Amino acid sequence: MSAVKAKRRFHWWFIPVIIIVVLAIVAASIYAYTSSRIHKSIQYVHNWSQVASAAQDNNSSAQQGLDQIDAGNFPSGDSKDYPIIQVKQKDPNIENILLVGIDATQGNGGEGSYGANRADSIMVLSINHKTNALKIISLMRDTKTYFPNTQSNHKLNAAFSYGGIGLQIDVVNYAYHLDIQKYMEFDFDGFSHIIDTVGGVPIALTAEEAGYSYINVGKTAGTYLLDGAHALGYTRTRKIDTDFMRTQRQRNVMMAVYNKFKTVDPVTKLSALNQCMNYFKTNIPTTELTGTLLTFEGNLNDIQQTTIPQEDDGLYTTETSPIWFWDLNWPAEVAKLQTYIYGS
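Summarised in this report is the structure supplied together with it. (Residues numbered from 1 in each chain as written. Predicted model: local features only at pLDDT ≥ 70, side-chain atom pairs only at ≥ 80, totals over all residues. Heavy atoms only, no water.)

### Notes on the pairing of strand S4 (residues 118-128)
Rules: Accessibility here uses a 1.4 Å probe with only protein chains present; expressed as a share of the type maximum, an area under 20% marks a residue as buried, one over 50% as exposed, and anything in between as partly exposed. Segments assigned H or I by DSSP are reported as helices when at least four residues long, segments assigned E as strands when at least two residues long, and all are numbered from the N terminus. By definition, two strands form a pair when at least two bridges between them are found by DSSP.
Counting buried positions along S4 yields eleven of eleven residues, so the element is predominantly enclosed. Of the pairings in the sheet, the one linking S4 to strand S5 (residues 133-139) comprises seven bridges and is antiparallel in character. Residue pairing in the sheet places Leu 125 in a bridge with Ile 136 of S5.

If you want it as structure tokens, here you go:
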């Protein structure tokens, strides 16, 4: 008598288990891939006396290099890798993050043509986790700023070109009495690709802006849908008015991308995020980017913007020779910034 094989029962509950396991593996792979693409190794030190040695540099070389950058002679290679000086957070509810927009193309320093690794946009993103409010503060790149490592004054954005994001954070913290430890760095060229991926951004233009050579989309005032190249030209425009308006244009595009991103479909969002990975660096952990900050974005109820200095605040003068600088009334400007971020 032949044995009859028992029919094995199929457990349907096993299907969702398999799906969950596969999704977990995919998520872990994406997490690891994303982390490796956007995160840059950063050193941390305790004070200014440790900065130069950690960067394997000396103050004499730094002085010469910064002087050259002030004069518009940007280094062609990568900047030096300066560390971030650790500072204590001033308010447990308020987190300040440095946002730096760079132009890594070669050029002579004129409008629309920039030196390698030039920090064209420097902003402080001040996040209040208690009130779910965001304050965006533009810092003028040509501000005459004291550098403790050389004990001399240089343009604010010279810090990035010479010593990378570490020196830029250290100088901003020292000059403006801030507590920045985290940063987000993006390449403007990549930003234009992201704008194209989401289908362009609507920007309200004056007639002069619309017809200006770097924008050149029309002759009348109105709201135009700008692609990446035209939006990039818009952010670089300053000769038709002032540097204050240039920083406002940068914030306009940033907010337009933010608003457009919220409305596009999930596939487009994923494509835009993938584009972003190629042009974005940060030291913010991926878990925080995808957790805390996304939660904050979902609950965000107030966005405010300003510039230091403000065009009409009477707290600055300008130098035009031999190098163009903003000269700030530092005590007054710092006090105003502290009040703006932390309140009275």
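### Observations concerning the packing of helix H7 (residues 228-236) against helix H8 (residues 243-263)
What counts is decided by this rule: Angular values range over 0 to 180 degrees, each being the angle between N-to-C directions of two axes fitted as lines to C-alpha atoms, with helices fitted over their stretch in contact. A contact between two residues is defined here by any heavy atoms of the two lying within 4.5 Å. Classification convention: Asp, Glu, Lys, Arg as charged; Ala, Val, Leu, Ile, Met, Phe, Trp, Tyr, Cys, Pro as nonpolar; all other residues, Gly among them, as polar.
Interaxial distance between H7 and H8 falls to 7 Å at its minimum, and their mutual angle equals 145°. Of the residues in H8, those in contact with Ala 231, Tyr 234, Thr 235 and Arg 236 of H7 are Arg 246, Arg 249, Gln 250, Asn 252 and Val 253. Taken together, the residues that form the contact of H7 with H8 break down as three nonpolar, three polar and three charged.

### What about H7?
Side chains that are three or four residues apart share a direction in an α-helix, a result of its 3.6 residues per turn. The buried fraction of H7 is high, at seven of nine residues. Every buried residue of H7 is listed here: Gly 228, Ala 231, Leu 232, Gly 233, Tyr 234, Thr 235 and Arg 236. Against the buried residues of H7 lie strand S3 (94-103), helix H5 (188-197), strand S9 (201-205), helix H6 (207-211), strand S10 (222-226) and H8.

### Looking at the sheet that holds strand S8 (residues 182-187)
Pairing in this open sheet of six strands is mixed, and the strands run S11-S8-S3-S4-S5-S12 from one edge to the other. The sheet is open, and its two edges are formed by strand S11 (280-282) and strand S12 (302-308), each paired on a single side. Sheet twist, expressed as the mean angle between neighbouring strand axes with direction ignored, is 20°. In terms of strand pairing, S3 meets S4 through ten bridges, oriented antiparallel. The residue of S4 that forms the bridge with Ile 102 is Ala 119. Packed on one face of the sheet, H8 meets S3, S4, S5 and S12 and runs near 160° to S12. On top of the sheet, helix H12 (residues 330-342) reaches S3, S4, S5 and S12; it is set at about 175° to S12, its chief contact.

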